[in-house]
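# Structural characterization, general
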Amino acid sequence: MTALLYVDDLKVHFHIPGEGLFRPRHKMLRAVDGISFKLEAGETLGIVGESGCGKSTLARGILGLIPVTSGSIWLAGEELAHLSTEELRKRRQHMQIVFQDPLASLDPRMTVSEIIAEPLQVFEPHLSKEERKHKVQGIMERVGLLPNQINRYPHEFSGGQCQRIGIARALVLKPKLLICDEPVSALDVSIQAQIINLLMDIQEEMRLSMLFIAHDLSVVKQISHRVMVMYLGKVVEATTRDELYHNPRHPYTRALIDAIPIPDPAIERNKSFKPLQGDLPSPLDPPSGCSFRTRCPMATELCATEAPEQQEISEDHWVSCHFA
Amino acid sequence: MPLLEVNNLRTSFHTNDGDVYAVNDLSFSLEKGETLGVVGESGSGKSQLVLSIINLLASNGHMEGSIRFQGQELVGMKPREINRIRGNRIGMIFQDPMTCLNGYLTIARQMTEVLIHHQGLDYASAKKHSIEMLDAVHIPDAKSRIDRYPHEFSGGMRQRVMIAMALLCQPDLLIADEPSTALDVTVQAQIIQLMNELQQEFGMSIIMITHDLGVIAGISDNVMVMYGGRICEQAPVFELFENPSHPYTQGLLQSVPRLDTAGSVKLHSIPGNPPNLLRLPPGCAFVDRCQKVIPACGWQQPPLL
């Protein structure tokens, strides 16, 4: 069986103009630097990492919202990277995205029904007004919006409800792939739980494949089947959810897991760990060798000279570390 | 005598749509050296509570009740007098470390200002003291970094600068309003550890506002859960997590995905949305979302037991 989404050695680099007036030295920002993964139908892949690690750029690269530098993206057996803009546009109905900021991603001048119906007008123009309205109402009900809210504007809704509108807009075309870019990080805890449950239910119902991007490892653990940890544009560890959380092998993954506070004072106060020191290095000027070595407690000289290869240490458990 | 005693505090804002009641009849006290965690969702009034304490309400804000800090009444105090307490006896850390530092001034200028103003130091000794404080919050190479501008620091570093600045006058009370929310988890862990360490060193009381129950579990002695501008539960930290009594606290604890259990069970979620502070119900503010509603909830304010 071929995977629904197959990404091979994807690179997204940005040219940054130099600062000197007479010597414009271009720098290269390697936001996504050689990422490969597979996503099966009905599977959720969680992507975690700190801000600036390239996880959002990866999502936008896959959707073709920003040009990719090299590599290939296969959706349902078809290569996307070489399609024309027009051709790629047609494929977008199979891949949709839900953004982080629920209110900013909705047009303030459009009503809820116009927002949700817009994808239908673009991709299914043959539908009659009645059919379209029927579809909009159906999806609104599914995501938990009330029928009487159909003519309201986004500002009349709370953050959680705006995110439901965003999800309805993404799902109205019945896509095969849904990319969620930090969909719950702007929401309150009780609302966050509502949205996570909704996404999990819908995924099962529609057999969606999901890329779920988040910086919160506990949210990712709740929703994902497999998890990929990114650091400075590279994958440092990728495996199934249970394996990752029970047997993390990369020092960065371990540090991320240790850093999450657990809402139980008895556990939280007896945790003995040393939080990772320092900040993410600038992606404009990444360290030589292994990019994590500047913050890694296990780093040696080898790490400075040689970048670790990704290796499969047990079945379906990939790690890039000399000491895994 | 407690360090801080708040009695029947009410804070409201006059808007074109009507009065917004952000803090409603709230009372609590804080002992010396104690850390009080305040949890609640956005709009629960937790930020307005601390802004009331340091008298930084927006111009349409109005408060009544009593706030006694070291025996002094803060409500109705003249700006000149409150200025002597604010930044001196009470330090404050805000959520967004970028917008709270002045981007046009060097860190040195911003830090020394506090000491020159409150303690009458001259620039040279104020700067020396500031460098010591930056060392205390583990800013590497503080001596040269102090002459840089805020944009040259990362988010976590800026938050350390904010903490150093709040602690310059060795305040008796430190108020931290979501100090780690804008930061990555790894940096959050650094900041929380730093705050625990500094509290042991300086012995100040802390009011820690956050929506992250994990952070609360790690840092507080007592916890106050706020909803609709009122306290819905207040208890010592172990008691609250072991034996939450209010349906809202129970719901909140169950809706957090926990790293140790996540994925094995479905998340519990509290249906509905937080209340509109413009139109608070006459009874319990949680009435629409509660699963244990009885008729009295609709019209009678539940007493704090």
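The present account deals with the structure reproduced in this document. Numbering of residues begins from 1 in every chain and follows the order in which that chain's sequence is written. For this description, chains carry letters from A and ligands carry numbers from 1, given in the order in which they are written. With pLDDT at 70 or above as the cut-off, local features in this predicted model cover only qualifying residues; side-chain atom pairs require 80 or more to be listed or tallied, and sums for whole chains, interfaces and linings still use all residues. Excluded from the side-chain calculations are hydrogens and water; all other atoms, namely the structure's heavy atoms, are used.

## Considering the pairing of strand β8 (residues 205–210) of chain B
All names here are of chain B. Note the cut-off: Exposure categories follow from relative accessible area, calculated using a 1.4 Å probe and restricted to protein chains: below 20% of the type maximum is buried, above 50% is exposed, and the middle band is partly exposed. To qualify as a helix, a DSSP run of H or I must reach at least 4 residues; to qualify as a strand, a run of E must reach at least 2; elements of each kind are numbered from the N terminus. In this scheme, strands are said to pair when DSSP sees at least two bridges between them. By convention, a crossover is right-handed whenever its connection, traced from the first strand over the helix to the second and viewed with the strands pointing away, goes clockwise.
Of all six residues that make up β8, six are buried, and the element is covered over most of its length. Alignment of strand β3 (residues 35–39) against β8, held across five bridges, turns out to be parallel. Bridge pairing in β8 links V39 to T210. In this structure, strand β7 (residues 173–177) lies alongside β8, joined through five bridges in parallel fashion. In the sheet register, L173 faces β8, and the bridge partner there is S205. Between the parallel elements β7 and β8, the chain passes through helix α7 (residues 185–202) in a crossover that is right-handed.

## Observations concerning a nonpolar patch on the surface
Residues and elements named next belong to chain A. Formally: Note that patches include only residues with greater than 30% relative accessible area and no salt bridge, and the join distances are 9 Å for like charges and 5 Å for nonpolar side chains (Val, Leu, Ile, Met, Phe, Trp, Tyr). Exposure was quantified through the Shrake-Rupley algorithm and a 1.4 Å probe, taking into account, for residues, occlusion by the shown protein chains and nothing else. Whenever a carboxyl oxygen of Asp or Glu lies within 4 Å of a side-chain nitrogen of Lys or Arg, that contact is scored as a salt bridge.
A cluster of nonpolar side chains, contributed by M298, L302 and F323, occupies part of the molecular surface with about 230 Å² of accessible area. The residue F323 is located in the segment after β12 (317–319) in this model. Classification of F323 as partly exposed rests on a relative accessible area of 37%.

## A closer look at the pairing of strand β10 (residues 234–240) of chain A
Residues and elements named next belong to chain A. Along β10, five of the seven residues are buried, which leaves the element largely enclosed by surrounding structure. Where strand β9 (residues 226–231) lies against β10, six bridges are found, and the strand directions are antiparallel. The residue of β10 that forms the bridge with V227 is T239. Taken together, β9 and the strand that follows it, β10, pair antiparallel across an intervening segment of two residues, in which L232 is found at a positive phi of about 50°. In terms of strand pairing, β10 meets β12 through two bridges, oriented antiparallel. By the bridge assignment, E237 is partnered in β12 with V319.

## Comments concerning α7 of chain B
Applicable threshold: What a helix should span is 1.5 Å times the count of its residues minus one.
Given a rise of 1.5 Å per residue, 18 residues ought to cover 26 Å, and the 25 Å separating the end C-alpha atoms of α7 of chain B matches this to within 8%. Two residues or fewer past α7 of chain B, G203 of chain B is found with a positive phi of approximately 70°.

## Observations regarding the interface of chain B and chain A
Accessible area lost on assembly of the parts is the figure often given for the size of an interface. Rules: Residue contacts are counted whenever heavy atoms from the two residues lie within 4.5 Å of one another. Using a 1.4 Å probe, buried area is obtained as the accessible area two parts lose upon being combined, added over both of them.
Contact with chain B, which involves 47 residues of that partner, is made by 42 residues of chain A. Of the roughly 3,700 Å² buried between chain B and chain A on both sides combined, carbon and sulfur atoms contribute 57%. Three residues stand out in chain B for area buried against chain A, namely V185, T186 and L259 of chain B, and they jointly supply 19% of the buried area on that side. Viewed at the interface, chain A and chain B are joined by one salt bridge. We note a salt bridge from D264 of chain A to R258 of chain B, for which the minimum N-O separation is 4.0 Å. Among the elements of the structure, α7, α8 (213–219), α9 (237–242) and α10 (247–255) of chain B are those that each provide at least two residues to the side of chain B that touches chain A.

Interpretation note: all reported values are geometric properties and have no functional meaning in isolation.
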